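Next come the chains, spelled out residue by residue.
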Amino acid sequence: MKKVLVVDDAATVRMYHRKILNDAGFQVDEALNGLEALEKAFKDEYDLYIVDINMPKLDGYSFVDKLRNMESIKQSPVIVVSTESEEKDKEKAYEVGANFYIVKPVKPDELVKYAKIFTGVPL
Amino acid sequence: MKNPILEQFILESRDYLQRVGEILIKLEEEQSKDLLNELFRIVHTLKGNSGLFNFSAMTKLLHASEDLMNSLRDETISYSSHIADILLESMDIVSQMIDEVEAYGEPQLSTNERAQEKALLIREILSEKKQIETSEVLKLTSEEKTSKHYDYLVIPEEFRIKIVKAFFEGKNPIIVKYMPEEECFYKGEDPLFYVRKIPETIWSRFYLREKIEDIATFDIYRCITNFEAVTTADEETLKEHFKYILDQIEFIKPEIVSFIVPHGDKNGGPVYEDFVLDFRELLKSESIDILKNSLRALKELTSPTLFVASCLRWIEALIDYIPKSTPYIEALLRSIETLEPPMFDKIMETKKSEVEEIKVEKPIKTLEIPAELFRVFEEQRKVLEKIKDKDENIRRNTISSIILSLENAIKSLKNEELLEKFKREVKEENLETILSFIDEFIKEEKIITEEAKQLTEPQTVKTQKEERIIYKSEEPTTTKFLKVDEEKVNRLMNLIGELVVAKNSLLYLSKKVEREYGIASLSKEMKIQYSVINRISEDMQDAIMQVRMIPVATVFQRFPRLVRDLSKKLGKNVKLHIEGEDTEADKNVIEALTDPLIHLVRNSLDHGVELPEERIAKGKPETATITLRAKQEADRVIIQVEDDGRGINPEKIKIKAYEKGLITEEALSKIKDDEALNLIFLPGFSTKEETSELSGRGVGMDVVRTMVERFNGTVSVSSEKDRGTTVTMALPLSMAVSHVMLIEAAGRKYAFPLDVISETVRIREEDIHIFKGEMVVSLRGKVLPLFFLNDLIDLKAPALKNENNEYATVVINLKGEMFAVIVDSLLGTADIILKPFKGFLSSLRVFSGTAILGDGSILLVINPKELIYGS
């Protein structure tokens, strides 16, 4: 089973993503912020990160930046999910090494499709 | 409400809103960047969350608030108590919406409107501030701002209808806002007079600018009243009317559509589809009389409080102005269908979208490669562009993530050919190979999508609509936990326990009313009330029990390690198998299980499971299996420890028990094998001669039994030679109410647990026989041992008979073993909360505990097992 780390400070969003992904057959782990996500990424191997931008302690950009600087962590795809719809926000995410950018709110089937594509699960 | 995500949203939003309130108030004292940042983040999160659901007004308001906070953060707007007020008010509205979401599933129409209005107000502040930046003019009073956006809903519908009619009659209604100076009375101005004398007034109102906090200190000479009126008089006339106080007057020239706002409950009422269809036809033919008739008929069928009724009233008002009013009527008809506010600016577009929706019904050519996949490819190209000049580390890592993404994307297509091509062509160290692969892939897409574009586009429109429906689910996947002191839950438990007992007194009273005062009707009413309270308290109890339920996994999870370590030490190969770890039981029960379980598993490892060579010799798999199993059966949780080891030899058990003096020689020959197995639970029994490192620590199976029985549970064992042993513990799911049978003996009340009573009978003196010096009674061909309860619990009184010279007798069935007990009288059943004895009284094993009865008296609950074996 593919393992996804959902990083978001909003419990509602985490729950929403978890429900959608679980139903689609993914194993889901959660982190409340970038820092916690980084800690989890050290301990566990994830096939995909779904990351919010605005978070306390360590925001999404910094998380991806740090992740992409870590030699010892598997460099799995990162999907940034953000409320910011401007191009510059997306560019900022790509500059630190995120692989995809979705504007919130994410539609369930959209999320599932991208999660599958990025983890190699047959569509 | 069933949707756990929505519930989560409500919970979380409330936390956030509370924090926002705290921060806003703190900010008034001290301007802190950190606080502003936190504020921004919270509102941002709230906005994001609300977007998951279809609460667009809430999202709009939060979005506006977020932008306002952003301006505060950037210091393009400075923090003032006025801004704080607006933000606080906005959060109040959001908070109300959350309440409404909880109560009705969605925010109410009026609240949505307030939210929209507030969002607009904030937008105005933001845009004005931008202008101010350039023109360097400052200061805005709240009145100026609110005036630009008028709350049309303060005008009652009947007046709005009049105003709209005036529009159609060629007039131009104007809203007059009059804000008299506080000192106006000293200037000889009479605001009320001014307002009353406004010519051609359709509607007017007055309201207070501020709340009167304390009537005692209120200054009646200060004018804090505002006035509003709608008039069809022209502006010149009005200016003349107010010429001395024009500085206090504001004129708003509204648009007609601002007034046409149907309002009301969106649920209920008859079906309008046919009406709308017919009406559209009639509208084309402009047959006004028929339209009016059909409208009137429908109006009569519709409750006036409904949204639809309001739409109908509006249509009725507009009907006289056909054809001028036709587009408005059409918009209202659409509102009846959609239950959304009328969209007047989109009247022309609606027809178009209808056409599009019909198109969707056509079969759509399915694409072999979904558009999302191409987007992923495209985006990877963008990422590549972005990072190609970055530091070595981030560059290399991101490239490998891109390659992984592309490879996975191809895998998701299940296209082996393409995957091989990818692996062949793409080299991690060569950026160009990645780029050219992506380009080639995307080129193919262009061709395919061009063909399919026209077909797919309307479809995306529709799916978007569908996806807005809240994602529903039955089971929560994550839970927000509330940490509560266990004491608090215990207190709740005790209170509900008392309630359960107290409610019994109602039943007791109702009996008393009937018996002693002979008022049967009152007694009946009391019984009805009792059943209501009974139901509520049962539900409450259930709910509280639920709070204390935890999964057995919390105990089970320590066993894999334990089994692994111990089996290694013993040189045995053991596999642990766990089943039903999700089964839930009361926290106390689960905790009580831990020690017996450890003991049982150790026993299995130590005594049950053979060494590998012994297993091979027996033709069994080398690796033994120990199974920990939990399941729920009715109101009990069943925990089993099963091994496939050597089993227990009943003969050995019997002899051992005899040697230890636990059974008599007579019993030794009589006892059946399965009965013999259960001898291991007797105190002072241990089959292994030498104490082993593991289980021989002085705790035998009797400890397991004691522990389990303390929680009103049972334990049993079954075993087959060389096939294995299964120990089964059955515990109550919770420390819930016990159902008991109340009896009387020697003038005192006692109780038997109802689940051990198989029946109650009356027996006569002549039914009692003496067999081998023991009393027996023959019951439907079955001979049962018979006892007097008074003898068993040492009450110095003879048993009483009833008027027919019969003894009241309780037949007890302890897992197939039956006996009869004579009591003085049977009093009926009751629900009690059993409280086990504490301290030195706990050595009184013949009683399992006490309970308080409805009339306040104390009840001793008999433990039937001890009743017979104990004495």
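Owing to the predicted nature of the structure, the values given are computational and were not obtained by experimental measurement. (Residues numbered from 1 in each chain as written. Chains lettered and ligands numbered in written order. Predicted model: local features only at pLDDT ≥ 70, side-chain atom pairs only at ≥ 80, totals over all residues. Heavy atoms only, no water.)

**A word on the overall build of chain A**
Phase 1: The helix and strand inventory of chain A stands at five helices and five strands.
Phase 2: Beginning at the N terminus, the succession of helices and strands in chain A can be written as β-α-β-α-β-α-β-α-β-α.
Phase 3: Put simply, chain A has 123 residues, and 64% of those count as buried.
Phase 4: Restricting the contact set of chain A to residue pairs at least 6 apart, pairs at least 24 apart contribute 60%.
Phase 5: On chain A, roughly 4200 Å² of surface is accessible, and the fraction owed to carbon and sulfur atoms is 46%. (Helix = DSSP H or I, 4+ residues; strand = E, 2+ residues; numbered from the N terminus. Buried < 20%, exposed > 50% of the residue type's maximum accessible area, 1.4 Å probe, protein only. Contact = heavy atoms within 4.5 Å. Areas by Shrake-Rupley, 256 points an atom, 1.4 Å probe, with all protein chains shown as cover.)

**Remarks on the overall build of chain B**
Phase 1: Per the secondary structure count, chain B includes 31 helices and 22 strands.
Phase 2: Each of the 871 residues in chain B was classed as buried or not, and the buried ones make up 44%.
Phase 3: A separation threshold of at least 6 residues defines the contact pool for chain B, and within that pool the share at least 24 residues apart is 68%.
Phase 4: Of the roughly 47700 Å² of accessible surface on chain B, 52% is carried by carbon and sulfur atoms.

**Details of a nonpolar patch on the surface**
All names here are of chain B.
Phase 1: Residues Leu499, Ile528, Val532, Ile533, Ile536 and Met540 make up a contiguous nonpolar surface patch of roughly 440 Å² in combined accessible area.
Phase 2: Here the nonpolar patch gets five residues from one element, more than from any other, and that element is helix H21 (residues 520-548).
Phase 3: Considering the arrangement of structural elements, one finds isoleucine 533 in helix H21. (Patch = residues over 30% accessible without salt bridge, like charges linked within 9 Å, V, L, I, M, F, W, Y side chains within 5 Å. Salt bridge = Lys/Arg side-chain N within 4 Å of Asp/Glu carboxyl O.)

**Focus: the side chain of threonine 726 of chain B**
Residue and element names in this part refer to chain B.
Phase 1: As for its placement among the helices and strands, threonine 726 is situated in strand E11 (residues 724-732).
Phase 2: The buried category is assigned to threonine 726, whose relative accessible area is 14%.
Phase 3: Setting aside residues up to four positions removed in sequence, threonine 726 forms contacts with Gln640, Val641, Glu642, Ser716, Val717 and Ser718.

**Details of the confidence of the model for chain B**
For any part of a model where pLDDT is low, the fine detail of the predicted coordinates should not be relied upon.
Residue and element names in this part refer to chain B.
Phase 1: Overall, the prediction assigns chain B a mean pLDDT of 78, with 87% of residues at 70 or greater.
Phase 2: In this model, residues 346-367 is a region of pLDDT below 50 whose contacts with residues beyond four sequence positions or in other chains number 20 contacts.
Phase 3: In the model, residues 689-699 has pLDDT below 50 throughout and makes 15 contacts with residues more than four positions away in sequence or in other chains. (pLDDT = per-residue confidence, 0-100.)

**A word on the interface of chain A and chain B**
Phase 1: Each partner contributes residues to the interface: chain A has 51 residues there, and chain B has 53 residues.
Phase 2: Carbon and sulfur atoms make up 60% of the surface buried where chain A meets chain B, a total of about 4600 Å² over both sides.
Phase 3: Ranking the residues of chain A by area buried against chain B places Thr12, Met15 and Ile117 of chain A at the top, with a combined share of 15%.
Phase 4: Taken together, chain A and chain B are joined by six salt bridges.
Phase 5: Put simply, glutamate 71 of chain A and arginine 396 of chain B hold a salt bridge, and the shortest N to O gap is 2.6 Å.
Phase 6: Joining chain A to chain B, the criterion identifies 19 residue pairs in polar contact (both at pLDDT 80 or more).
Phase 7: For the side of chain A that touches chain B, the elements supplying multiple residues, two or more each, are helix H1 (11-23), helix H4 (87-95), strand E5 (100-103) and helix H5 (108-119) of chain A.
Phase 8: Sorting elements by how many residues they give to the side of chain A that touches chain B places H1 of chain A first, with ten residues.
Phase 9: Of the residues that constitute the side of chain A that touches chain B, the class distribution is 23 nonpolar, eleven polar and 17 charged. (Buried area = accessible area lost by both parts, 1.4 Å probe. Polar contact = N/O pair within 3.5 Å; in protein donor to acceptor, adjacent residues only side chain to side chain. Nonpolar A, V, L, I, M, F, W, Y, C, P; charged D, E, K, R; others polar.)

**Here we look at helix H23 (residues 559-570) of chain B**
All names here are of chain B.
Phase 1: Relative to the 16 Å expected for twelve residues at 1.5 Å per residue, H23 spans 16 Å between its end C-alpha atoms, a close match to the ideal helical length.
Phase 2: Where H23 is buried, its residues touch helix H22 (553-556), strand E6 (574-579), helix H24 (587-608) and strand E8 (624-633).
Phase 3: Downstream of H23 by one or two residues, glycine 571 has phi in the positive range, about 70°. (Expected span 1.5 Å × (residues − 1).)

**A look at the packing of aromatic side chains**
All names here are of chain B.
Phase 1: Per the stated rule, a full pass over the model turns up 23 aromatic pairs over all chains.
Phase 2: Centroid distance tyrosine 194 to phenylalanine 242: 5.9 Å. Interplanar angle 35°. Geometry classified as tilted. Of this pair, tyrosine 194 sits in helix H8 (residues 191-196) while phenylalanine 242 sits in the loop between helix H9 (235-241) and strand E4 (249-252); the two residues are 48 residues apart in sequence, bridging distant segments of the chain. The pair tyrosine 194 / phenylalanine 242 is uniform in exposure class, with both members buried. (Phe/Tyr/Trp six-rings, centres within 6.5 Å; stacked < 30°, edge-to-face > 60°.)

**Details of a negative patch on the surface**
Phase 1: Where like charges cluster on the molecular surface, the negative patch consists of Glu28, Glu29, Glu30 and Asp85 of chain B.
Phase 2: With relative accessibility at 46%, the residue glutamate 28 of chain B sits in the partly exposed group. (Lys, Arg positive; Asp, Glu negative; His and termini not counted. Charge placed at Lys NZ, Arg CZ, Asp CG, Glu CD.)

**Some thoughts on the pattern of salt bridges**
Phase 1: Per the stated rule, a full pass over the model turns up 56 salt bridges over all chains.
Phase 2: Among the charged side chains, a salt-bridge network with shared partners connects Glu610, Glu614, Arg615, Lys618, Lys620, Asp644, Arg646, Lys721 and Asp722 of chain B.

**Here's the deal with the sheet that holds E5 of chain A**
All names here are of chain A.
Phase 1: Taken together, the five strands give an open sheet; going across it, the order is E2-E1-E3-E4-E5, and neighbouring strands pair in parallel fashion. With partners counted over all chains shown, the strands left at the sheet margins are strand E2 (27-31) and E5, one partner each. Taking the axes of each pair of neighbouring strands and ignoring which way they run, one obtains an average angle of 20° across the sheet.
Phase 2: As paired strands, strand E1 (residues 3-7) and E2 are joined by five bridges and run parallel to one another. Looking at E2, one finds that valine 4 is bridged to valine 28. (Pairing = 2+ DSSP bridges. Axes fitted to C-alpha atoms, helices over the stretch in contact; angles between N-to-C directions.)

**Thoughts on the pairing of E8 of chain B**
Residue and element names in this part refer to chain B.
Phase 1: Pairing geometry for E6 and E8, over six bridges, is parallel. Residue histidine 577 lies in a different strand from E8, and its bridge partner there is threonine 627.
Phase 2: The pairing of E8 with strand E9 (residues 636-643) spans eight bridges and is classified as antiparallel. When the bridges of E9 are listed, lysine 631 appears paired with isoleucine 638.

**Quick look at the pairing of E11 of chain B**
All names here are of chain B.
Phase 1: When you tally the buried positions in E11, you get nine out of nine residues, the bulk of the element.
Phase 2: Burial of E11 is two-sided: the residues Gly724, Thr726, Thr728, Ala730 and Pro732 facing one way and the residues Thr725, Val727, Met729 and Leu731 facing the other way are all buried.
Phase 3: Relative to E11, E9 is paired through eight bridges, and the arrangement is antiparallel. The partner of isoleucine 638 across the bridge, within E11, is alanine 730.
Phase 4: Alignment of strand E10 (residues 714-720) against E11, held across seven bridges, turns out to be antiparallel. Bridged to serine 719 within E11 is threonine 725.
Phase 5: Hairpin connection from E10 to E11: three residues lie between these consecutive antiparallel strands, with aspartate 722 at a positive phi of about 65°.

**Comments concerning the environment of isoleucine 53 of chain A**
Residues and elements named next belong to chain A.
Phase 1: For isoleucine 53, the location among the structural elements is in the loop between strand E3 (48-52) and helix H3 (60-67).
Phase 2: Linking isoleucine 53 and glycine 34, residues 19 residues apart in sequence, is a C-alpha distance of 9.0 Å.
Phase 3: In this structure isoleucine 53 touches Asp59, Gly60, Tyr61, Val80, Val81 and Ser82, once residues within four positions along its chain are discounted.

**Side note on the state of the cysteines**
Phase 1: Taken as a whole and assessed by the stated rule, the structure comprises zero disulfides over all chains.
Phase 2: Take cysteine 223 of chain B: it sits in no disulfide, and the sulfur closest to it among the cysteines is that of cysteine 184 of chain B, at 4.0 Å. (Disulfide = S-S within 2.5 Å.)

**As for the packing of H24 of chain B against helix H29 (residues 701-710) of chain B**
Residue and element names in this part refer to chain B.
Phase 1: Relative to each other, H24 and H29 sit at 155°, their axes nearing to 9 Å. When the axis of H24 is compared with that of H29, the two are roughly antiparallel. Here H24 and H29 pass one another in a crossing that is left-handed. On H29, the residues that touch Ala592, Asp595, Pro596, His599, Leu600 and Asn603 of H24 are Met701, Val704 and Met707.
Phase 2: The residue inventory of the contact of H24 with H29, partitioned by class, reads six nonpolar, two polar and one charged. (Parallel < 35°, antiparallel > 145°, perpendicular 65-115°, else oblique. Left-handed = near helix turned anticlockwise from the far one by under 90°.)

**Considerations on helix H2 (residues 34-43) of chain A**
Residues and elements named next belong to chain A.
Phase 1: Buried within H2 we find Gly34, Ala37, Leu38 and Ala41. Each buried residue of H2 sits inside an arc of 100° when the element is viewed along its axis, so together they form one side.
Phase 2: Its buried side turned inward, H2 meets E1, E2, E3 and H3.
Phase 3: Structurally, the start of H2 carries an N-cap: the backbone nitrogen of leucine 35 is 3.0 Å from a side-chain oxygen of asparagine 33. (Arc of directions from axis to C-beta.)

**A look at the environment of valine 176 of chain B**
Residues and elements named next belong to chain B.
Phase 1: Along the chain, valine 176 falls in strand E1 (residues 174-178).
Phase 2: Of the residues examined, valine 176 reaches a relative accessible area of 2% and is grouped as buried.
Phase 3: With 77 residues separating them along the chain, valine 176 and lysine 253 place their C-alpha atoms 8.9 Å apart.
Phase 4: Apart from the residues within four sequence positions on either side, valine 176 is in contact with Phe227, Glu228, Ala229, Thr231, Leu238, Phe242, Ile249, Glu250 and Phe251.

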